[in-house]
Amino acid sequence: EKVIFSGAQPTGSLTLGNYIGAIQNWKALENDYQCLYSIVDLHSLTIRHDPKEFRESCLSFLAQYLACGLDHKKNILFFQSHVRQHTELNWILGCNTYLGELNRMTQFKEKSERHKDNINSGLYTYPVLQAADILLYQTNLVPVGEDQRQHIELARDIAIRFNNAYGKTFQLPDIYVGKVGARIMSLQEPENKMSKSDENVNGTIFLLDSNDVIVKKMKRAVTDSENVVLYRDEQKGIKNLITIYSKLQNCSVQEVEEKYAGKGYGAFKTELAEIVVESLKPFKEKYQDYMTNPDYIIGVYKNGAERAAEIAEKTMQEVREKVGLV
Ligand code: TYM
């Protein structure tokens, strides 16, 4: 059976970008692959955080994964830090990664711009840990948003180098990005991606935002003066809103254009706000259920860690032997 691995960082709450760019695809693929969906808590330690808030955020994230409809029996849902092999492989892969490669990573450059007072080495070697996440499970496919492309390519390059040096050990992973929605943009600055760390919170819709807040953010979404609902590069704001509409309604962008031909932005935005609110309704209800049932959450992550560790250890045994550890 072919394997899928993907993950998200447990900081704050999932955004509409995470949901459309990644999790909708995770869900769509769960019947055809053995899927491992991780909460990559170790990656989040690269940013300063409050330990208590962070722990709560991690547990909330698992409830959010489940509330998105990810099936914990079909899929392996787990915390990265619970499977120690991730950090072990991280070291070995780090010894097979060049500084030049890490220097080219655009996310590192962006993040060190944003966190000038905390450019730590974890931030720098972040993509190596990500490569370990993926290669540990002999992953065939990695469903992510467009912003992760460079990291997945690096994972592939590291795997190729390792296989050439020590003999075939790792499966080469392919990236999977959706044709539409792989890059959901900020509602305020549609030239930048929607991000949970955006200082302007009006640019980002969080799945846990209240209905009122969602409606407000949608109404304020930056558009242009054309007042025609068309999917084209000149109208970045509207293009982004059409993308969101089509992904949540499971229809093509042409269908959205046709539906709103001759209507202005007002009607379009109002209806889109309703669609977002309606789409997130079941999510919010399920989220509340899971959050009031901590024992259930514990059961899910323990079981996930056990199943993940079993696969991870198989790979690690081979890796240790290949590099000559006694
Ligand atoms: P993270 O936590 O930033 O995002 C989780 C997933 O959501 C996608 N995404 C978006 N897609 C479309 N539009 C957006 N505006 C948008 N924002 C985020 C991301 O592409 C991602 O798929 N480094 C990763 C986590 C990670 C990982 C891995 C992913 C660690 N190890 C191994 C895949 C495989 C990250 O920070 O994602």
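Source: prediction; values computed, not measured.

1. Here's the deal with the overall build of the protein
Thought 1: Assigned secondary structure in the protein consists of 13 helices and five strands.
Thought 2: Rg of the C-alpha trace for the protein: 20 Å, near the compact-globule value of 20 Å for 326 residues, within the 12% margin.
Thought 3: Look at the contacts in the protein between residues 6 or more apart in sequence, and 75% of them connect residues 24 or more apart.

2. Section: the nonpolar core
Thought 1: If you look at the biggest cluster of nonpolar residues, it comprises 80 residues, and the most contacted ones within it are L16, L36, A131, A132, L135, A155 and L272.
Thought 2: Sequence-distant contacts of L16, defined by excluding residues within four places in its chain, comprise I184, M194, I205, L207 and I244.

3. Points about the packing of helix α7 (residues 121-135) against helix α8 (residues 149-166)
Thought 1: Axis separation between α7 and α8 bottoms out at 9 Å; the angle between their running directions is 70°. Our classification of the angle between α7 and α8 gives roughly perpendicular. Taken as a pair, α7 and α8 cross one another with a handedness that is right-handed. Taking contact as the criterion, the partners of P127, Q130, A131, I134 and L135 in α7 are, on α8, H151, L154, A155, I158 and A159.
Thought 2: When grouped by side-chain class, the residues that make up the contact of α7 with α8 number eight nonpolar, two polar and no charged.

4. Considerations on the environment of E199
Thought 1: Looking at where E199 falls in the secondary structure, it is placed in the loop between β5 (174-176) and α9 (211-220).
Thought 2: The class of E199 is exposed, set by 7 C-beta atoms lying within 10 Å.
Thought 3: In this structure, the C-alpha to C-alpha distance between E199 and Q130, residues 69 residues apart in sequence, is 26 Å.

5. What about the site of the ligand?
Thought 1: Around the ligand sit 25 residues, and of these G17, G21, A22, V144 and G145 come closest.
Thought 2: Counting residues per element, the ones that place at least two in the shell around the ligand are β1 (3-8), α1 (16-29) and α7.
Thought 3: In terms of residue class, the shell around the ligand is made up of ten nonpolar, eleven polar and four charged.

6. Digging into the UniProt feature "short sequence motif: 'HIGH' region" (unreviewed entry) in the protein
Thought 1: Per the UniProt record, the feature "short sequence motif: 'HIGH' region" (unreviewed entry) sits at residues 10-18.
Thought 2: A helix fraction of 33% and a strand fraction of 0% characterise residues 10-18, whose end C-alpha atoms lie 11 Å from each other.

7. With respect to the UniProt feature "binding site: L-tryptophan" (unreviewed entry) in the protein
Thought 1: Residues given the UniProt feature "binding site: L-tryptophan" (unreviewed entry) here are D133.
Thought 2: As for its position among the elements, D133 is in helix α7.
Thought 3: Not counting chain neighbours up to four residues away, the residues in contact with D133 comprise F5, G7, S38, V40, Q80 and H86.

8. Points about the packing of helix α6 (residues 106-114) against α7
When two helices pack together, their arrangement is captured by the angle between the axes and the distance separating the axes.
Thought 1: At their nearest, the axes of α6 and α7 sit 10 Å apart, and the two run at 160° to each other. Considering the angle they form, α6 stands roughly antiparallel to α7. Every pair of crossing elements has a handedness; the one defined by α6 and α7 is right-handed. Contact with α6, carried on its side by F108, K111 and S112, involves L123, Y124 and Y126 of α7 and no other residues of that element.
Thought 2: In terms of residue class, the contact of α6 with α7 is made up of four nonpolar, one polar and one charged.

9. Side note on the pairing of β1
Thought 1: With five of six residues buried, β1 lies mostly within the body of the structure.
Thought 2: Here six bridges tie β1 to strand β2 (residues 34-39), and the two strands are oriented parallel to one another. Following the sheet pairing, S6 is matched in β2 by Y37.
Thought 3: Note that the unit made of β1, α1 and β2 has a crossover that is right-handed.

10. Here's the deal with the environment of S252
Thought 1: The topology assignment puts S252 in the loop between α10 (236-249) and α11 (253-259).
Thought 2: Separated by ten residues in the primary sequence, S252 and I242 place their C-alpha atoms 9.3 Å from one another.

11. Points about the domain arrangement of the protein
Thought 1: The assigned domain composition of the protein is domain 1 (3-177 + 293-323) and domain 2 (201-288).
Thought 2: Contact residues are listed per partner, giving 13 residues for domain 1 and ten residues for domain 2.
Thought 3: Sorting the residues of the side of domain 1 that touches domain 2 by element identifies α1 and α3 (51-67) as the ones contributing at least two each.
Thought 4: Of the residues belonging to the side of domain 1 that touches domain 2, the class tally is eight nonpolar, five polar and no charged.

The rules behind these values
- Residues numbered from 1 in each chain as written.
- Predicted model: local features only at pLDDT ≥ 70, side-chain atom pairs only at ≥ 80, totals over all residues.
- Helix = DSSP H or I, 4+ residues; strand = E, 2+ residues; numbered from the N terminus.
- Rg over C-alpha atoms; globule rule 2.2 N^0.38 Å.
- Contact = placed C-beta atoms within 7 Å.
- Core = buried A, V, L, I, M, F, W, Y, C linked by C-beta atoms within 7 Å.
- Buried ≥ 20, exposed ≤ 12 C-beta atoms within 10 Å, placed from the backbone.
- Axes fitted to C-alpha atoms, helices over the stretch in contact; angles between N-to-C directions.
- Parallel < 35°, antiparallel > 145°, perpendicular 65-115°, else oblique.
- Left-handed = near helix turned anticlockwise from the far one by under 90°.
- Nonpolar A, V, L, I, M, F, W, Y, C, P; charged D, E, K, R; others polar.
- Near = placed C-beta within 6 Å.
- UniProt positions renumbered as here; feature names shortened; annotations may be inferred.
- Pairing = 2+ DSSP bridges.
- Right-handed = clockwise from strand over helix to strand, strands pointing away.
- Domains from an automatic or database assignment.

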